[in-house]
Amino acid sequence: MAYKALPFSYRVAARGDIPALTGIMNASIAKLQQAFLSPEQVEASFELMGMDTQLIDDGTYYAIIDGDQIVGCGGWSRRATLYGANHTKGRDARLLDPTRDAARIRAMYTHPAHARRGIGRFIMDLCEKKAAQEGFTRYELMATLSGEPLYRACGYSPVVREDVPTSNGVTVPLIKMEKHR
């Protein structure tokens, strides 16, 4: 079922959406990071980012729709993994306790042709509301440099900046950020 919030609607993503969502993720990583990272860092980012099917299986990942086209995606998690794709090292499927842990805002991507139209803020609002319905009062995320301005505008504060190494020796700068409700 799709829910409407002008000008976009959303629905819980399903496994059948994976090809479309992966296309959006790949385009977003390749294009929207260019102004912030070197070409080598953009390429290395694919090792740290991408599809996390656990979010789909948990029912906490959303397809953002404009008309009849998926134009963005993002979600939240009640699990400990802060960022990454199915293939990313260091994943932790442990369930979080909303009374002491922060919900994770995860895997937000906008198709470059639809960037700067409010999709990111729409996803943020949606995810924070859904996590709050499950009792979470704090939110954490791992921001890319291109995402940091949006997250700051949504009330997130930087906690720590990290240069995350990849298997090819290139480091990708990321920023752990948090927000209290």
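My aim in this report is to walk through the structure given alongside it, one point at a time. Since this is a predicted model, take the numbers as computed values, not measurements. (Residues numbered from 1 in each chain as written. Predicted model: local features only at pLDDT ≥ 70, side-chain atom pairs only at ≥ 80, totals over all residues. Heavy atoms only, no water.)

## Brief notes about helix α2 (residues 39-48)
To be explicit about the condition: The classification of residues rests on relative accessible area computed with a 1.4 Å probe and restricted to protein chains. Under 20% of the type maximum is buried, over 50% is exposed, and intermediate values are partly exposed. Helix and strand labels come from DSSP, where a helix needs a run of H or I of at least four residues and a strand needs a run of E of at least two; each type is numbered from the N terminus. Starting at the helix axis, one direction is taken to each C-beta atom, and the arc is that of these directions. We call two residues contacting when some pair of their heavy atoms lies within 4.5 Å.
Turning to α2, its buried residues are Gln41, Val42, Ala44, Ser45 and Leu48. Projected down its long axis, α2 carries its buried residues within an arc of 165°, all on one side. Across α2 from its buried face, at more than 90 degrees, point the exposed residues Pro39 and Glu43. Lining the buried residues of α2 we find α1 (18-32), β7 (157-165) and β8 (171-180). Trailing α2 by a residue or two, glycine 50 shows a phi angle of about 135°, which is positive.

## What about the environment of isoleucine 123?
Among the structural elements, isoleucine 123 can be located in helix α4 (residues 119-133). Its relative accessible area of 1% is what places isoleucine 123 among the buried residues. Along the chain, isoleucine 123 and isoleucine 64 lie 59 residues apart, while their C-alpha atoms are 7.8 Å from each other. Those residues in contact with isoleucine 123 that lie beyond four places of it in its chain are Ile64, Cys73, Gly74, Gly75, Met108 and Tyr109.

## Considering the nonpolar core
This is how the line gets drawn: Residues belong to a common nonpolar core when they are buried Ala, Val, Leu, Ile, Met, Phe, Trp, Tyr or Cys residues joined through side-chain atoms within 4.5 Å.
Core analysis: the largest hydrophobic core is formed by 27 residues, its most contacted members being Ile64, Trp76, Ile105, Met124, Leu141, Tyr151 and Tyr156. Put simply, the parts of the chain that give this core at least two residues each are β2 (8-12), β3 (61-66), β4 (69-77), β5 (103-110), α4, β6 (138-143) and β8. Per-element accounting of this core gives the leading share, seven residues, to α4. Not counting the four nearest positions on each side in its chain, methionine 124 is found in contact with Ile105, Met108, Leu141, Leu150, Tyr151, Cys154 and Tyr156. Formed by 26 residues, the second largest nonpolar core is a distinct cluster that contains Ile29, Ala44, Leu48 and Ile70.

## What to know about the packing of α1 against α2
Applied cut-off: Convention adopted: a line fitted to C-alpha atoms gives each axis, helices being fitted over their contacting stretch, and angles between N-to-C directions are expressed from 0 to 180 degrees. In this scheme, roughly parallel covers angles under 35 degrees and roughly antiparallel covers those over 145, while 65 to 115 is roughly perpendicular and the rest are oblique. For a crossing to be left-handed, the near helix must be turned anticlockwise from the far one by less than a right angle; the clockwise case is right-handed.
Interhelical geometry of α1 versus α2 gives an angle of 150° and a closest axis separation of 9 Å. Relative to α2, α1 is oriented roughly antiparallel. Like other packed secondary-structure pairs, α1 and α2 cross with a definite hand, here right-handed. Together, Asn26, Ile29 and Ala30 of α1 and Val42, Ser45 and Phe46 of α2 make up the contact between the two elements.

## Looking at the layout of surface pockets
What counts, and what does not: Lining residues are those with an atom within 4 Å of a point, where the points come from a 1 Å grid over the protein atoms alone and group into cavities, where a 1.4 Å probe fits but cannot get out, or pockets, open sets with protein on both sides within 12 Å along at least five of seven lines. Grid points are joined across faces, edges and corners, and a volume is the space filled by probe spheres set on the points. In this count, Pro and Cys sit with the nonpolar residues alongside Ala, Val, Leu, Ile, Met, Phe, Trp and Tyr, while Asp, Glu, Lys and Arg are called charged and the others, Gly among them, polar.
Volume-wise, the largest pocket comes out at about 880 Å³. In terms of lining residues, the largest pocket is bounded by 39 residues, among which Met108, Ser146, Gly147, Leu150 and Tyr151 are the most central. For the lining of the largest pocket, the secondary-structure elements that each account for two or more residues are α1, β5, α4, β6 and α5 (148-153). Of the residues forming the lining of the largest pocket, the biggest block, six residues, is contributed by β5. Residue composition of the lining of the largest pocket, grouped by class: 22 nonpolar, twelve polar and five charged. For the second largest pocket, the calculated volume is near 200 Å³. Along its surface, the second largest pocket is lined by 13 residues, and Leu48, Tyr83, Thr88, Lys89 and Gly90 are the ones closest to its centre.

## As for the pairing of β4
Note on strand geometry: in a regular strand, side chains alternate between the two faces of the sheet. Put simply, the rule is: In this description, strands pair whenever DSSP reports at least two bridges between them.
Judged by how many residues are buried, β4 sits mostly within the fold: eight of nine residues are covered. The pairing of β3 with β4 spans six bridges and is antiparallel. By the bridge assignment, aspartate 66 is partnered in β4 with glutamine 69. Adjacent in sequence and paired antiparallel, β3 and β4 are bridged by two residues, among which glycine 67 carries a positive phi angle near 70°.

## Re the pattern of salt bridges
Put simply, the rule is: Here, a salt bridge means any side-chain nitrogen of Lys or Arg that lies within 4 Å of a carboxyl oxygen of Asp or Glu.
All chains considered together, the criterion is met by 15 salt bridges. Put simply, arginine 94 and aspartate 92 hold a salt bridge, and the shortest N to O gap is 3.5 Å. The class for arginine 94 is partly exposed, based on a relative accessible area of 43%. Among the salt bridges present, the one from arginine 100 reaches aspartate 97, with a minimum N-O distance of 3.0 Å.

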